Amino acid sequence: MRVLIAEDDPFTRKALAEILSMEGWETLSAENGKKAWELFNSQAVDLACLDVMMPGLSGYDLCRKIRESGSRIPIIFISAKAEEIDRVLGLELGADDFISKPFGAREVSARVRALQRRVDRWAGQEATEGDFDFGPWRVESEALKARQGELCVDLSKRELSIVRLLAEKCGKAVSRELFFKSCWGWEQAPESRSLDQHIAGLRKKLERDPKAPIIIETVQGVGYRLPEAPS
């Protein structure tokens, strides 16, 4: 697997390259967003690790350009910008995960391995897996879209896996452990806000009022639930 690293700090860039290389992954390093975009367009890339604050072209802008190109490669933001709004923005732009600086080598390796397992699992499955209903929305798996009348929103692959799991367990509370196992490929649920950030992003896309959700319910102490439609 080839990983694109976009990081303007030379020490962090070198550290990331060393961590990933030790795991057996090939790395491409760029000192700014513009160079990273050039590498993305000239090389086959399987995953991208992006810093948020870079000169010329920010990580957010680079993520947006990658998604607008039609690419669905996994994207991880690695940044000192750790406020919830920064994480939510990154996820809304199409990123799959967000790691805060300073980071540990084991954490980076585990997150990248989890994304690699998910990519490998998708590669061995049918692209569509079938469309399905999610509350008032019709989810189009192959197109990565959800439609409700004339409304249409885009979904990331991670978001698709989350809503599919909720739909499969409709009416039942889905635990955080099951979300991380099914949608992240992690055997144990980490102390991470990643699930909550993805749910927040989905609520902004699918709920009429994200602050008073009725499609994706919070089950205190457990996880989340898609309520059954009234008969």
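Residues numbered from 1 in each chain as written. Predicted model: local features only at pLDDT ≥ 70, side-chain atom pairs only at ≥ 80, totals over all residues. Heavy atoms only, no water.

### Structural notes on the environment of R111
Next up, step 1: Tracing the sequence through the fold places R111 in helix α5 (residues 105-123).
Next up, step 2: A polar contact of 3.5 Å, which involves the side chain of R111, links it to the backbone oxygen of F98. (Helix = DSSP H or I, 4+ residues; strand = E, 2+ residues; numbered from the N terminus. Polar contact = N/O pair within 3.5 Å; in protein donor to acceptor, adjacent residues only side chain to side chain.)

### Observations concerning the pairing of strand β4 (residues 75-79)
Next up, step 1: Counting buried residues along β4, five of its five residues qualify, which places the element largely inside the surrounding structure.
Next up, step 2: Judged by which residues are buried, β4 turns out to be covered on both faces: I75, F77 and S79 on one side and I76 and I78 on the other are all buried.
Next up, step 3: Alignment of strand β3 (residues 47-50) against β4, held across three bridges, turns out to be parallel. Bridge assignment links L50 to a residue of β4, and that residue is F77.
Next up, step 4: Crossover β3 to β4 through helix α3 (residues 59-68) is right-handed.
Next up, step 5: Sheet analysis places β4 next to strand β5 (residues 97-100), joined by four bridges and oriented parallel. Bridging from a neighbouring strand, I76 pairs with D97 of β5. (Buried < 20%, exposed > 50% of the residue type's maximum accessible area, 1.4 Å probe, protein only. Pairing = 2+ DSSP bridges. Right-handed = clockwise from strand over helix to strand, strands pointing away.)

### Re the packing of aromatic side chains
Next up, step 1: For the coordinates displayed, the defined rule picks out four aromatic pairs.
Next up, step 2: Aromatic side chains Y60 and F77 sit 5.3 Å apart centroid to centroid with 80 degrees between the ring planes, which places their arrangement in the edge-to-face category. Placement of Y60 in helix α3 and of F77 in strand β4 is noted, with a sequence separation of 17 residues between them. Note on accessibility: Y60 and F77 belong to one class, buried.
Next up, step 3: Seen in terms of ring centroids, F77 and F98 are 6.0 Å apart; in terms of plane orientation they differ by 50 degrees. Their pairing is tilted. Pair noted here: F77 is in strand β4 and F98 is in strand β5, with a separation of 21 residues, a long-range link.
Next up, step 4: Residue classification places F77 among the buried positions, given a relative accessible area of 0%. (Phe/Tyr/Trp six-rings, centres within 6.5 Å; stacked < 30°, edge-to-face > 60°.)

### Observations regarding the confidence of the model for the protein chain
Next up, step 1: Model confidence for the protein chain is summarised by a mean pLDDT of 86, while 89% of its residues fall at 70 or above.
Next up, step 2: Below a pLDDT of 50 lies the segment residues 123-128, which in the model reaches four contacts outside its immediate sequence neighbourhood of four places, other chains included. (pLDDT = per-residue confidence, 0-100. Contact = heavy atoms within 4.5 Å.)

### Quick notes on the pattern of salt bridges
Next up, step 1: A full pass over the atoms with the stated rule returns 15 salt bridges.
Next up, step 2: Salt-bridge contacts for D196 lead to R176; the nearest nitrogen and oxygen are separated by 2.9 Å. Placement of D196 in helix α8 (residues 194-206) and of R176 in helix α7 (residues 176-184) is noted, with a sequence separation of 20 residues between them.
Next up, step 3: Relative accessible area serves as the criterion here: at 14%, D196 is assigned to the buried category.
Next up, step 4: Classification of R176 by relative accessible area gives partly exposed; the value is 24%.
Next up, step 5: Through salt bridges that share partners, E7, D51 and K101 make up one connected network. (Salt bridge = Lys/Arg side-chain N within 4 Å of Asp/Glu carboxyl O.)

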